[in-house]
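Listed below, chain by chain, are the residues.
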Amino acid sequence: MNSLRSFSLSLLAIFALMLPACGGGGGGGETGGVTPPGADLPAIVAIAPAPGSTDAEPDTLIEFRFGVDLDTTLTPVQAISVRDTNGTAIAGANSYDAARRALVFSPVNDLLRDTQYRVTLAAGITDTDGNTRPNPFQYLFTTAPGTADAPEPHENEVEDSQLRGFAVNNTGEGASLVSVAFPNRTDIVIRTYTTAGGFGPAIDVDSFVGDVTTNREASVAVGGNGKGIAAWRVDGPNGPDVFAVTFDAVAGTVGATHTLDSSTDASDNPEVVMSNNGEGVVIWRQRPTGGDRKIRAATYDPVNGWGSTVGLEPSAGEVVSAKVGISRFGGQAMVAWALQNGSDFISRARPLVNGSWGSIRSLQSVPNGQSIPQKVLVKSDGESMVILAYANTPTPTYRGVRTIRYRPPGLSNPGWQTLAQPTGNAGENFKVDAALVNGLGVVLVYANDDPNGAVLEARYYTTANGWGNAITVTTLSPSDFANNWVRVVSRSDRYTLIDWTYDNGTATQRRAALLLNGNLQWRDR
């Protein structure tokens, strides 16, 4: 496996290492033969390599064949695991061949010659009649001796591995989503993480025929209890499709893959948000054959599971951008998008209140210009804020930020309200980001690039006081922020971290600043 072994110690390689399979354990007998018929159901009818065999080739696949169809929604995702005699887990991917009724483990690299391996079939293998194997099953086999030749590529050689998304909550639980390219397919692999236990085993949640470079769109979110959702887009036989899984970072488990959109319409750009109590929303775009892209959404709650898919935009026009936010404790969410109809842009939004979608609200219309949602934030009390960046012409001579809030029924002054504009003339190169402050306020960071110089500023918002005064974070030359970005993170009402890049004329630089109680504490120049 020359390609995997030649990975450099880059970020790409680090996440390529997220592939070790977990070990089997506990219970069940170790044998040199097949489980006696009738001992456990569903019964195993064939095993390869055979238990006790000593002539397995290094590129072998490990297979368990059954006499009945398996229920893959109940069977463990990582049904087969393999370890060498030192107890080291062998990296690989699990799959189910429905036509052959076979569970298959595909090692990432060739096995070593003249080496003994222990195979574990996990408990919980379930057939479509509801029979479940109560015990794990183990056996040993040995690879054939001989001189190791230069390995030839085969269908399970990793050609590429790329991080597609990751998320961590406030208490340290998280997950990463990685795509792994083989010669004839691409697998989607998820790996959970906790501060106490570190990374869990890699779990293969999807396998499809397609080029890894064309399947980059993915999103992950983790709630406060370690429960999370991952969603991704793949190029299926009918065009791009969107799938999702739920996972538990604390338990290290992943649910069955859920199809969000697998029609003849092209779907892309999934985005996931999740509350601390396990409620989630996934949005994505869908282009009907010969039509304009629209925005669709699906909800998830830990009691009832996945809700039905909802089309959020019925009007004519192309959805070119969409953002979603959810409240910390669930019950409230907001989706905002930009609808382009000819040369006109309209920013629109739709709230989700206690599981029901509200009416569409048009937020801003810019004829012959642009109005694009940059961020959607939902405070703990359910108040939402949609942050728009707009320009008055296709080649901007004026840009600005518009902030619009929504207060759901039950709060004082419910409904929509356009807030005072927090920025002036933003010039050509405008960057903006925002974050919640302790769940109750908002901090907005934006870069104004005009002929007088580029100024990175921050402003705080509360419901009671509106937008505060601008805080100057840094001042640079007029073109410093061109084609770069700014982002902000706030974990309490005291600390706000701002991160940005700029071009000093010879190279792109990255800097950060800390605000403490609204005052600039330090700035790394």
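Residues numbered from 1 in each chain as written. Predicted model: local features only at pLDDT ≥ 70, side-chain atom pairs only at ≥ 80, totals over all residues. Heavy atoms only, no water.

Spatially, β29-β30-β31-β32 is the arrangement adopted by the 4 strands of the open sheet, whose pairing is antiparallel. If you trace the sheet from one side to the other, it starts and ends with β29 (370–378) and β32 (415–418), each paired once. Ignoring strand direction, the axes of neighbouring strands in this sheet form an average angle of 20°. Of the pairings in the sheet, the one linking strand β30 (residues 384–391) to strand β31 (residues 399–407) comprises 8 bridges and is antiparallel in character. Residue isoleucine 387 lies in a different strand from β31, and its bridge partner there is threonine 403. (Pairing = 2+ DSSP bridges. Helix = DSSP H or I, 4+ residues; strand = E, 2+ residues; numbered from the N terminus. Axes fitted to C-alpha atoms, helices over the stretch in contact; angles between N-to-C directions.)

This part is about the sheet that holds strand β6 (residues 102–107). Here we have 4 strands laid out as an open sheet, ordered β2-β3-β6-β5, and antiparallel in their pairing. Edge positions in the sheet fall to β2 (44–48) and β5 (92–97), since each has one partner strand and no second. The sheet shows a mean angle of 15° between the axes of neighbouring strands, taken without regard to direction. Sheet topology note: the β2/strand β3 (residues 62–66) ladder contains 4 bridges and is antiparallel.

This model, assessed by the stated rule, comprises 1 cavity of 30 Å³ or more. In this structure, the largest cavity spans a volume of roughly 110 Å³. In terms of lining, the largest cavity is formed by 14 residues, of which the most central are Gly92, Ala93, Asn94, Ala202 and Asp204. Elements with a contribution of two residues or more to the lining of the largest cavity: β5, β11 (186–194) and β13 (203–208). (1 Å grid on protein atoms, 1.4 Å probe; cavity = no way out; pocket = protein on both sides within 12 Å on 5 of 7 lines; lining within 4 Å. Points joined across faces, edges and corners; volume = space filled by probe spheres on them.)

What follows is about the side chain of threonine 192. Structurally, the position occupied by threonine 192 is in strand β11. In this structure threonine 192 touches Gly174, Ala175, Gly198, Phe199, Gly200, Phe247, Asp248, Ala249 and Gly252, once residues within four positions along its chain are discounted. (Contact = heavy atoms within 4.5 Å.)

Overall, the prediction assigns the protein chain a mean pLDDT of 79, with 80% of residues at 70 or greater. Confidence drops under a pLDDT of 50 for residues 1–38, and excluding neighbours within four residues, the segment shows 96 contacts in the predicted structure. Across residues 150–154 the pLDDT falls below 50, and counting only partners more than four positions away or on other chains, this stretch makes 8 contacts in the model. (pLDDT = per-residue confidence, 0-100.)

What follows is about the packing of aromatic side chains. The relative placement of two aromatic rings is captured by the distance of their centres and the angle of their planes. Tallied over the entire structure, the rule returns 9 aromatic pairs. Arranged with centres 6.1 Å apart and planes meeting at 85°, the rings of phenylalanine 64 and phenylalanine 137 form a pair that is edge-to-face. Here phenylalanine 64 is found in strand β3, whereas its partner phenylalanine 137 is found in strand β8 (residues 137–142), with 73 residues between them in sequence. Exposure remark for phenylalanine 64: the relative accessible area of 0% places this residue in the buried category. Phenylalanine 137 gets classed as buried once you look at its relative accessible area, which sits at 6%. A centroid spacing of 6.3 Å and a plane angle of 40° characterise the contact between phenylalanine 137 and tyrosine 139, whose relative ring orientation is tilted. Put simply, the rings of Phe64, Tyr117, Phe137, Tyr139 and Phe141 pair up and form one aromatic cluster. (Phe/Tyr/Trp six-rings, centres within 6.5 Å; stacked < 30°, edge-to-face > 60°. Buried < 20%, exposed > 50% of the residue type's maximum accessible area, 1.4 Å probe, protein only.)

For the rest of this paragraph, the subject is the nonpolar core. Grouped together as the largest cluster of nonpolar side chains are 21 residues, with contacts concentrated most on Ile62, Phe64, Ile80 and Leu121. Residue assignment for this core shows that the elements contributing at least two residues are β2, β3, β4 (80–84), β6, β7 (116–121) and β8. Once residues lying within four places of it in the same chain are set aside, the contact partners of leucine 121 are Ile44, Phe64, Phe66, Ala79, Ile80, Leu103, Arg133, Pro136 and Phe137. Ala435, Val443, Leu456 and Val473 belong to the second-largest nonpolar core, a separate cluster that totals 19 residues. (Core = buried A, V, L, I, M, F, W, Y, C linked by side-chain atoms within 4.5 Å.)

This brings us to the pattern of salt bridges. For the coordinates displayed, the defined rule picks out 16 salt bridges. When the shortest N-O distance is used, the salt bridge between aspartate 97 and arginine 100 registers 3.6 Å. Overall, the relative accessible area of 31% leaves arginine 100 in the partly exposed class. Across the pair glutamate 318 and arginine 293 runs a salt bridge whose closest N-O atoms are separated by 3.1 Å. Note that glutamate 318 is positioned in strand β24 (residues 318–326) and arginine 293 in the loop between β20 (280–287) and β21 (294–301), a separation of 25 residues in sequence. Here glutamate 318 falls in the buried class, since its relative accessible area comes to 14%. Within this structure, Asp268, Arg285, Arg287, Arg293 and Glu318 form a network of salt bridges that share partners. (Salt bridge = Lys/Arg side-chain N within 4 Å of Asp/Glu carboxyl O.)

What follows concerns the environment of threonine 463. As for its position among the elements, threonine 463 is in the loop between β35 (453–462) and β36 (466–467). The exposure class of threonine 463 is partly exposed, given its relative accessible area of 31%. Sequence spacing of threonine 463 and arginine 405 is 58 residues, and the spatial spacing of their C-alpha atoms is 9.5 Å. When residues no more than four places from it in sequence are discounted, the contact partners of threonine 463 are Lys379, Glu383, Arg405 and Arg407. Within the structure, the side chain of threonine 463 is placed 2.5 Å from the side chain of lysine 379, a separation counted as a polar contact. At a separation of 3.0 Å, a polar atom in the side chain of threonine 463 contacts the side chain of glutamate 383. (Polar contact = N/O pair within 3.5 Å; in protein donor to acceptor, adjacent residues only side chain to side chain.)

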